[in-house]
Amino acid sequence: PSQQELTNPAAVVVSSWGKISFVCSGAITATINGNSIVYPFVLGGSSIFGAEFEADSVSLNSITFNGTGTVLITTKN
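Reading the values: rules and limits
- Residues numbered from 1 in each chain as written.
- Predicted model: local features only at pLDDT ≥ 70, side-chain atom pairs only at ≥ 80, totals over all residues.
- Heavy atoms only, no water.
- Helix = DSSP H or I, 4+ residues; strand = E, 2+ residues; numbered from the N terminus.
- Contact = heavy atoms within 4.5 Å.
- Phe/Tyr/Trp six-rings, centres within 6.5 Å; stacked < 30°, edge-to-face > 60°.
- Buried < 20%, exposed > 50% of the residue type's maximum accessible area, 1.4 Å probe, protein only.

(A) Spatial organisation of the environment of Val14. Residue position: Val14 is located in strand β2 (residues 12–15). Separated by 15 residues in sequence, Val14 and Thr29 have C-alpha atoms that sit 13 Å apart. In this view, Val14 contacts Gln4, Ile20, Asn61, Ser62, Ile63, Phe65, Ile73 and Thr75; residues no more than four positions away in its chain are not counted.

(B) The arrangement of the packing of aromatic side chains in detail. Following the criterion strictly, the structure yields two aromatic pairs and no others. Seen from their ring centres, Phe22 and Tyr39 are 5.3 Å apart, and the 85° between their planes marks the pair as edge-to-face. Of the two residues, Phe22 is situated in strand β3 (residues 19–32) and Tyr39 in strand β4 (residues 35–39); the sequence distance between them amounts to 17 residues. Overall, Phe22 belongs to the buried group, its relative accessible area being 3%. The interplanar angle of 80° and the centroid separation of 5.1 Å between the aromatic rings of Phe22 and Phe65 together place this pair among those described as edge-to-face. Here Phe22 is found in strand β3, whereas its partner Phe65 is found in strand β8 (residues 62–76), with 43 residues between them in sequence. Overall, Phe65 belongs to the buried group, its relative accessible area being 0%.

Next up, the structure:
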């Protein structure tokens, strides 16, 4: 696994991962497969600060981060 910290990301693409997890502070938009979610995301009165995804194939996976704040990313191929 590897870790990366982004501060105020502007169209930062993280690709070629088999598994990715991330946590955010501030207002960070994460876009995967054309679907965007702004983190932290409020669901049922609770704040969700990140997500984890696992893929069947490593070669085509990517996620784009934008916003103000910090993102801590852990990836594994």
